[in-house]
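Per-entry structural report
Listed below, chain by chain, are the residues.
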Amino acid sequence: MGNMWDQKYESMSREDMRAVQSERLADCVRRVYHNVPFFRAKMDEMGVSPDDIRSVDDLKKLPFTTKQDLRDTYPYGSFATPMSDIVRIHASSGTTGKQTVVGYTKNDLRTWSEVMARTLTAAEATKHDFVQVAYGYGLFTGGLGVHYGTEYIGATVIPISGGNSKRQVQVMQDFGTTVLACTPSYSLSLAETLLELEVKPADLKLKSVVLGAEPWTNEMRKDIEQKLGVHAYDIYGLSEIIGPGVAFECECQNGLHISEDHFIPEIINPDTGEVLAEGEVGELVFTTVTKEGLPLIRYRTRDITSLHYGKCDCGRTLVRMNRVSGRSDDMLIIRGVNVFPSQIESVLLEMGETASHYLIIVDRVGILDTMEVLVEMSPEYFSDEVRALEKLEKKIRSAIESTLGISSKVRLVEPKTIERSEGKAKRVIDKRKLS
Ligand code: DLL
């Protein structure tokens, strides 16, 4: 059994957890109703009053909150406390439209540190560790989120932020980094820099990497673990809910435990809003029952996953979510077929002859959608021989076609030609949306 930061809440019986959630939910709905005009209007319109919400079973009576609601009330109109109680602002990246602003009270920062402490503890960190935070610092929640969690458990934080890979490696060597936190794609860039500098992972003190902020597959995890020689833990979160720390993997690597005493999850059918049963795949929705600055009720994340309530071998009873395969708005519809970039990633990495770097270019010629996949060769398999390249391109093309049911063009490119990311990787260029 692995270590837990907060045994009481992390291994609570379902009955006790429901009691905690129900009490906190009733209080949260009251606060939001009285302090957030747009949400009060939504509840009034549906004829629901705070008195109707007594237990988690009543959640489904409540209206949803969407990213659009936050945009409509930009910047501070969704906050539930006076601005004088807000001590920190962050913002979501705004890759899919105008950015949204999130605000934290002092208690919210404590909650965030607490859930990050659980996350880091599950990823093998203790007060004796050196945590190198290579997530970006700034309005993005990654850097400061992991930073405060690290200090909270009493470990030593190395706040280097993202980028400058050679310096990252130097710092890992000189400062004795034991835990590295960054995006999965950036961890692969760092693995390449290690190779370039002829530094062997075994010569470092690294024992785990804590990766998240973008979708990645199990195949990519194997690649990272093999290249860095350590366990790679998936961590999940989003700015609107708190930042990193919403859900985290334990040593069983069998789904991510949600800190559900703070964030109650539901899975819904994204088209009808109907709540789905355990194990069914749909859109993840969260209600943040302890947040003060920006409490959100039934916030639609657009992330696609499923929930599992069975007991985990690590001893935690916190519900698990499957790794997020993508966002509903990342889903490409190509000639009527739904395609997630992560499905293509799985196909590529299962073949083993290409690196974990790829780019999907979607376009429209006349009325027909086209998809081209640029794939980087692994240096060990790289060949100048045209026939060998053509053979591999054909193999990848038919693997994509048999898995996804659509044809695509495949172009192999030389090692290190696809742009490396320091934060969230860009996997898709959809030219149809540009025109
Ligand atoms: O990415 C918070 C974060 C920072 C999480 C560091 C983990 C580590 P946002 O910039 O608001 O917040 O982006 C949130 O990123 O809705 C997912 O679509 C995606 N995402 C985050 N973590 C994962 C993950 C941060 N582990 C959006 N797997 C979310 C897949 C992830 N997608």
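It should be noted that the structure appears before, not after, this text.
Report follows, based on the coordinates. (Residues numbered from 1 in each chain as written. Predicted model: local features only at pLDDT ≥ 70, side-chain atom pairs only at ≥ 80, totals over all residues. Heavy atoms only, no water.)

Re the site of the ligand
So the rule is basically this: One heavy atom suffices: a residue is near a molecule or strand as soon as one of its heavy atoms comes within 4 Å of it. Any pair of N or O atoms that falls within 3.5 Å is considered a polar contact. Within protein, one atom must be able to donate a hydrogen and the other to accept it, and sequence-neighbouring residues count only if both atoms are side-chain atoms. Values of accessible area rely on a 1.4 Å probe in the Shrake-Rupley scheme; residue burial ignores everything except the protein chains shown. Secondary structure elements follow DSSP: runs of H or I of four or more residues count as helices, runs of E of two or more count as strands, with numbering from the N terminus. When residue character is reported, Ala, Val, Leu, Ile, Met, Phe, Trp, Tyr, Cys and Pro are called nonpolar, Asp, Glu, Lys and Arg charged, and the others, Gly included, polar.
Near the ligand you find 19 residues, and of these Asp234, Ile235, Ser239, Asp303 and Arg327 are the closest. Between the ligand and Asp234 there is a distance of 2.7 Å, counted from a nitrogen atom to a side-chain nitrogen or oxygen. The side chain of Ser239 places a nitrogen or oxygen atom 2.4 Å from an oxygen atom of the ligand. Contact with the protein chains covers 96% of the free accessible surface of the ligand, which is 610 Å². Secondary-structure elements contributing two or more residues to the shell around the ligand are helix H6 (141-152) and strand E7 (231-238). In terms of residue count, E7 provides more of the shell around the ligand than any other element does, 5 residues in total. Each residue belonging to the shell around the ligand can be placed in one class, and the counts come to 9 nonpolar, 5 polar and 5 charged.

Concerning helix H2 (residues 14-35)
Put simply, the test is: Between the first and last residue of a helix there are one fewer steps than residues, each counted as 1.5 Å, and that sum is the expected span. Partly exposed describes any residue whose relative accessible area lies between the buried limit of under 20% and the exposed limit of over 50%, with all areas from a 1.4 Å probe on protein chains only and scaled to the type maximum. Contacts were defined at the residue level, with two residues in contact if any of their heavy atoms lie within 4.5 Å.
In this model, H2 (22 residues) spans 31 Å end to end at C-alpha, consistent with the 32 Å of a helix rising 1.5 Å per residue. All buried positions along H2 are accounted for by Met17, Val20, Gln21, Ser22, Leu25, Ala26, Cys28, Val29, Val32 and Tyr33. For H2, the elements touching its buried residues are helix H1 (7-10), helix H3 (37-46), strand E10 (263-268) and strand E11 (282-288).

What to know about the sheet that holds strand E14 (residues 320-321)
Note the cut-off: When DSSP locates at least two bridges between a pair of strands, those strands are taken to pair. An axis is simply a line fitted to the C-alpha atoms; with a helix, the fit covers only the stretch in contact. Between two such axes, the angle follows the N-to-C directions and lies from 0 to 180 degrees.
Reading across the sheet, the 9 strands line up as E4-E3-E5-E6-E7-E8-E9-E14-E13 and stay open at both edges, with mixed pairing between neighbours. Both outer strands of the open sheet, strand E4 (156-158) and strand E13 (307-308), are each paired with one neighbouring strand and no more. Against the sheet, helix H8 (residues 184-196) touches strand E5 (179-182) and strand E6 (208-212), its axis set at about 125° to E5.

Re the side chain of Asp430
Here Asp430 is to be found in strand E20 (residues 428-430). Within the local environment of Asp430, its side chain forms a polar contact with the side chain of Arg432, the two groups lying 3.0 Å apart. Setting aside its immediate chain neighbours within four residues, Asp430 contacts Leu332 and Val362.

Things to note about the layout of surface pockets
Put simply, the rule reads: Note on definitions: the grid is 1 Å and covers protein atoms alone; a cavity is a set of points where a 1.4 Å probe fits but cannot get out; a pocket is an open set with protein on both sides within 12 Å along at least five of seven lines; lining residues have an atom within 4 Å of a point. Grid points are joined across faces, edges and corners, and a volume is the space filled by probe spheres set on the points. Just so you know, the domain bounds were taken from an automatic or database domain assignment.
Looking at the second largest pocket, its volume works out to about 620 Å³. Forming the walls of the second largest pocket are 30 residues, and the residues nearest its centre are Asp223, Gln226, Lys227, Ser378 and Glu380. For the lining of the second largest pocket, the secondary-structure elements that each account for two or more residues are H8, helix H9 (218-228), helix H10 (341-351), strand E17 (354-365) and strand E18 (368-377). Residue classes in the lining of the second largest pocket are distributed as 14 nonpolar, 6 polar and 10 charged. Shared between two domains, the lining of the second largest pocket takes at least three residues from each, and those domains are domain 1 (1-330) and domain 2 (332-430).

From the geometry alone we can't say anything about function, so treat these as descriptive.
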